[in-house]
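Here are the chains, one letter per residue:
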Amino acid sequence: LSPYIRRPFWAFSDRVAPARIERGQLITQTTGGTSMACVLRHVVAERPAAAVVVTDGFIEPVDHKLVRDALSRTRIHVLVSRHGSPAELKTAGLPYTQLKRFPS
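These remarks concern the structure in this document. Because the structure is predicted, anything quoted here is derived from the model rather than measured.

Some remarks on the overall build of the chain
Part 1 of the reasoning: Helices and strands together make up the secondary structure of the chain, namely three helices and six strands.
Part 2 of the reasoning: Along the chain, helices (α) and strands (β) appear in the sequence β-β-β-α-β-α-β-α-β when read from the amino end.
Part 3 of the reasoning: Here the C-alpha radius of gyration of the chain, 14 Å, is about what a compact globule of 104 residues would show, namely 13 Å.
Part 4 of the reasoning: With 104 residues in all, the chain has 31% of them scored as buried.
Part 5 of the reasoning: When contacts within the chain are restricted to residue pairs at least 6 apart in sequence, long-range pairs at least 24 apart make up 43% of them.
Part 6 of the reasoning: Charge separation in the chain, taken as the distance between the mean sites of 15 positive and 8 negative side-chain charges, equals 8 Å.

As structure tokens, then:
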């Protein structure tokens, strides 16, 4: 997918950090954990036209005002891994698609 990713490219954990993909591996300086709040604050500050967020969905509850602020400026769609949980995304009102098993 690398040719389709606009730069700069970002990764997140409990903070947003610059990232790149080398030989199929994500290279970044994140800390672990998953905070959707830091992603939404980044979107509000940077104001991209659109953002695709890839996550397992296991995130903390998200402030609904922060979600509204981010969605008012940016088209956001979240991709949730096949074994992830979209529960908090659904509660927060963030549009998402959960990946299904890829047929072999």
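Thoughts on unusual backbone geometry
Part 1 of the reasoning: One non-glycine residue, Arg-23, lies in the positive phi region at around 50°.
Part 2 of the reasoning: Inspection of the secondary structure assignment puts Arg-23 in the loop between β2 (16–22) and β3 (25–28).
Part 3 of the reasoning: Accessibility expressed as a relative area gives 83% for Arg-23, which makes it exposed.
Part 4 of the reasoning: For Arg-47, which is not glycine, the phi torsion reads 55° and is therefore positive.
Part 5 of the reasoning: Within the element layout of this structure, Arg-47 appears in the loop between α1 (36–46) and β4 (50–55).
Part 6 of the reasoning: For Arg-47, a relative accessible area of 54% puts it in the exposed group.

So, the sheet that holds β2
Part 1 of the reasoning: Strand order in this open sheet of three strands is β1-β2-β3, and the pairing throughout is antiparallel. The open sheet has two free edges, formed respectively by β1 (10–12) and β3, since each of these has just one partner strand. Across the sheet, the mean angle from the axis of one strand to that of its neighbour is 50°, orientation sign disregarded.
Part 2 of the reasoning: Bridge count between β2 and β3: four bridges; the pairing is antiparallel. Paired with Arg-20 across the bridge in β3 is Ile-27.

About the cut-offs
Residues numbered from 1 in each chain as written. Predicted model: local features only at pLDDT ≥ 70, side-chain atom pairs only at ≥ 80, totals over all residues. Heavy atoms only, no water. Helix = DSSP H or I, 4+ residues; strand = E, 2+ residues; numbered from the N terminus. Rg over C-alpha atoms; globule rule 2.2 N^0.38 Å. Buried < 20%, exposed > 50% of the residue type's maximum accessible area, 1.4 Å probe, protein only. Contact = heavy atoms within 4.5 Å. Lys, Arg positive; Asp, Glu negative; His and termini not counted. Charge placed at Lys NZ, Arg CZ, Asp CG, Glu CD. Pairing = 2+ DSSP bridges. Axes fitted to C-alpha atoms, helices over the stretch in contact; angles between N-to-C directions.

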